[in-house]
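For reference, the chains in residue letters:
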Amino acid sequence: MAPYETDDSTDTGERDELRSGRRRAARYIVPVTVVGVAAATIGLVPALADSGDPNLPKITAQQLLDKVAKSDVQQLSGTVKISTDLGLPDLGGLESNLMSGAAKSGDGSSADPTAKLTELATGTHTLRVAADGPDKQKVSLLENAAEYSLIHNGKDVWGYDSQSNEVYHGTTTVDAAKGDETRTTPKGLTDEALKSVDDTTSVTVDGTEHVAGRDAYKLLIKPKQSGTTVGTISVAVDAKTGLPLKFTLTPASGGAAVVDVGFTQLSLAKPAASTFDFKVPKGAKVTTEDSGSDTKAVPTPDRSTGSGPSEKSLGKGADDPTVLGKGWNSIAVFETGGQGIPSGSSSDGGDLGGFLSSLGDQVKGSFGSGTVYSTRLINALVTDDGKVYVGAVTKSALVKAADAAK
């Protein structure tokens, strides 16, 4: 089957809708802590598949895309497995120790979902999930004898860490809850990936499979551009409902999936109402979200202009990147105010700048010099004059972008 290409197989209205969606999707890569959370929920351990592939009616890539777009499963419960292999350097537990120390010092709570979900950035994890429409969702992270639960019920959001007996309470909107779903379900991840479908992308139907006891089509998404670290994205789409059941991202370098997320068990029956109830356990420490804090949305790039800087200014500062390039070769550029790799000493007397530099590769070009930090999917160039170039692209592509921007 020939690859599905947006420009050839959709009308003008559909193309405009896809382009609009792509502008809203931040395919550029954000700083490492955010990358860890987002990337951690992109892929899955192969679900418990039945032997043999199902014999399903033939379907085109466009028809399968339409099926995904029209999918409207509101009620479900099941088990999801997540496996992540970004190839991050071993920091000897430094990150987890810092997070734990912050919680103990009163700077945070072990039940805060922002901190807790960073654990998904590495290794294999099991989640129990449930949903009943846009107002009720629950995700439970099962770890050894402990459990962490994140519950959204109406305007309330509760996080509970059974190991520390700590509770986090905040409020949210339906839109914010949908954002949380994007990070924890194959459907949310697939919706984001499909916003990237354009003339730089090939989309095909690659056979069928069984996932969590359900018949599914396999949707294969592949970049046409060279220079990207993304190899393929495979999505198992439920043949009956169009619900994505499994999402796997494999790097261009080959080998095991970088991240792999999907159902091992799934029921589409309405969960019991009690599933989303929460009562603060006796003796638990409760941390309440600071109602006075402001949550700023990160602006998304206008990538309609093709290669080079985006036509619209995205502001200045480390939180407001400029986007270079097109499609899968897009690179986000952050300004850090003229600060490159930090200098000075770490708390144990070691040289902090030297330690950070040792984790990357030193590079030079007409832009000057800097350090490239690499994973199997995401690479970042930090220049000595304080610019950061980040993307799902090769090291040489980052250096080339920095040279061209000089």
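Refer to the structure printed above.
Bear in mind that the values here come from a model prediction, so they are computed numbers and not experimental data.

Participant: What is the right way to look at empty space enclosed by the protein in this model?
Facilitator: One way to see where empty space is left: roll a probe the size of a water molecule over the atoms. Across all of its chains, the model carries one cavity of 30 Å³ or more by this definition. What lines the largest cavity is simply Leu117, Leu127, Val139, Ser140, Leu141, Tyr148 and Leu150. No other element matches the three residues that strand S3 (residues 136–143) contributes to the lining of the largest cavity. Looking at the lining of the largest cavity, its residues break down into six nonpolar, one polar and no charged.

Participant: Sorry if this is basic, but what is going on with unusual backbone geometry here?
Facilitator: Excluding glycine, residues mostly carry a negative phi; peptide bonds, for their part, are mostly trans. Notably, Asn165 is not glycine yet its phi reads approximately 55 degrees, a positive angle. Assignment of secondary structure puts Asn165 in the loop between strand S5 (156–161) and strand S6 (166–171). Classification of Asn165 by relative accessible area gives partly exposed; the value is 22%.

Participant: Can you walk me through helix H10 (residues 395–405) in this structure?
Facilitator: In an α-helix, one full turn covers 3.6 residues, which means residues spaced three or four apart are oriented alike. All of the buried residues along H10 are Leu398, Val399, Ala401 and Ala402. Buried residues along H10 cover an arc of 160 degrees about the axis, so they all sit on one side. In this structure, H10 carries Ser396, Lys400 and Ala404 as exposed residues pointing more than 90 degrees from its buried face. Residues of H10 that are buried in the fold lie against strand S13 (322–324), strand S14 (331–335), strand S15 (361–365), strand S17 (379–383) and strand S18 (387–391).

Participant: Help me out: how do you make sense of the packing of aromatic side chains in this one?
Facilitator: Any pair of aromatic rings gets described here by the distance separating the centres and the angle formed by the planes. Going through the model one piece at a time under the given rule, you end up with two aromatic pairs. With 5.1 Å between their ring centres and 35 degrees between their planes, Trp158 and Phe278 make a pair best called tilted. Of this pair, Trp158 sits in strand S5 while Phe278 sits in the loop between strand S11 (259–267) and strand S12 (285–288); the two residues are 120 residues apart in sequence, bridging distant segments of the chain. Centroid distance Tyr160 to Phe278: 6.0 Å. Interplanar angle 50 degrees. Geometry classified as tilted. Within this pair, whereas Tyr160 is found in strand S5, its partner Phe278 is found in the loop between S11 and S12, the two being separated by 118 residues in sequence. Residue classification places Tyr160 among the buried positions, given a relative accessible area of 17%. Chaining the aromatic ring pairs together yields one cluster made of Trp158, Tyr160 and Phe278.

Participant: Sorry if this is basic, but what is going on with the pattern of salt bridges here?
Facilitator: The final tally for this structure, using the stated rule, is eight salt bridges. Put simply, Asp132 and Lys270 hold a salt bridge, and the shortest N to O gap is 2.7 Å. With a gap of 138 residues between them, Asp132 in strand S2 (residues 123–132) and Lys270 in the loop between S11 and S12 connect regions that are remote in the sequence. Residue classification places Lys270 among the exposed residues on the basis of a relative accessible area of 54%. In this structure, Lys395 engages Asp361 in a salt bridge whose closest nitrogen and oxygen atoms are separated by 3.7 Å. Pair noted here: Lys395 is in helix H10 and Asp361 is in strand S15, with a separation of 34 residues, a long-range link. With a relative accessible area of 38%, Asp361 lands in the partly exposed category.

Participant: Just to check I follow, could you spell out the pairing of strand S16 (residues 368–374) for this structure?
Facilitator: Looking down a regular strand, the side chains alternate between one sheet face and the other. Where S15 meets S16, five bridges bridge the pair, whose relative direction is antiparallel. For Val363, the partnering residue across the bridge sits in S16 and is Gly370. Two successive antiparallel strands, S15 and S16, enclose a turn made up of two residues. Pairing of S16 with S17 involves five bridges; the strand directions are antiparallel. Within S17, the position partnered with Thr371 by the bridge is Val382. With antiparallel pairing between neighbouring strands as the criterion, S16 and S17 make up a hairpin whose turn holds four residues.

Participant: So what exactly am I meant to see when it comes to the sheet that holds S11 here?
Facilitator: Pairing between the strands of a sheet comes from backbone hydrogen bonds, and it takes one of two forms, parallel or antiparallel. Taking strand neighbours across the sheet as the criterion, the 12 strands line up as S7-S8-S9-S10-S11-S1-S2-S3-S4-S5-S6-S12 in an open arrangement whose pairing is mixed. Each having just a single partner strand, strand S7 (201–211) and S12 make up the two edges of the open sheet. Each strand axis lies, on average, 20 degrees off the axis of its neighbour in the sheet, ignoring direction. Looking at chain direction, S7 and strand S8 (residues 214–223) are connected through nine bridges and run antiparallel. For Thr204, the partnering residue across the bridge sits in S8 and is Leu220. Packed on one face of the sheet, helix H4 (residues 61–70) meets S7, S8, strand S9 (230–238) and strand S10 (244–251) and runs near 70 degrees to S7. Contacting S8, S9, S10 and S11, helix H8 (residues 186–194) runs over the sheet at an angle of about 55 degrees to S10.

Participant: Can you help me understand the environment of Thr383 in this one?
Facilitator: Mapping Thr383 onto the fold places it in strand S17. Of the residues examined, Thr383 reaches a relative accessible area of 2% and is grouped as buried. C-alpha separation for the pair Thr383 and Ser369, spaced 14 residues apart in sequence, amounts to 5.9 Å. Within the structure, Thr383 has its side chain in polar contact with the side chain of Asp385 (distance 2.3 Å).

Calculation criteria
- Residues numbered from 1 in each chain as written.
- Predicted model: local features only at pLDDT ≥ 70, side-chain atom pairs only at ≥ 80, totals over all residues.
- Heavy atoms only, no water.
- 1 Å grid on protein atoms, 1.4 Å probe; cavity = no way out; pocket = protein on both sides within 12 Å on 5 of 7 lines; lining within 4 Å.
- Points joined across faces, edges and corners; volume = space filled by probe spheres on them.
- Helix = DSSP H or I, 4+ residues; strand = E, 2+ residues; numbered from the N terminus.
- Nonpolar A, V, L, I, M, F, W, Y, C, P; charged D, E, K, R; others polar.
- Buried < 20%, exposed > 50% of the residue type's maximum accessible area, 1.4 Å probe, protein only.
- Arc of directions from axis to C-beta.
- Contact = heavy atoms within 4.5 Å.
- Phe/Tyr/Trp six-rings, centres within 6.5 Å; stacked < 30°, edge-to-face > 60°.
- Salt bridge = Lys/Arg side-chain N within 4 Å of Asp/Glu carboxyl O.
- Pairing = 2+ DSSP bridges.
- Axes fitted to C-alpha atoms, helices over the stretch in contact; angles between N-to-C directions.
- Polar contact = N/O pair within 3.5 Å; in protein donor to acceptor, adjacent residues only side chain to side chain.

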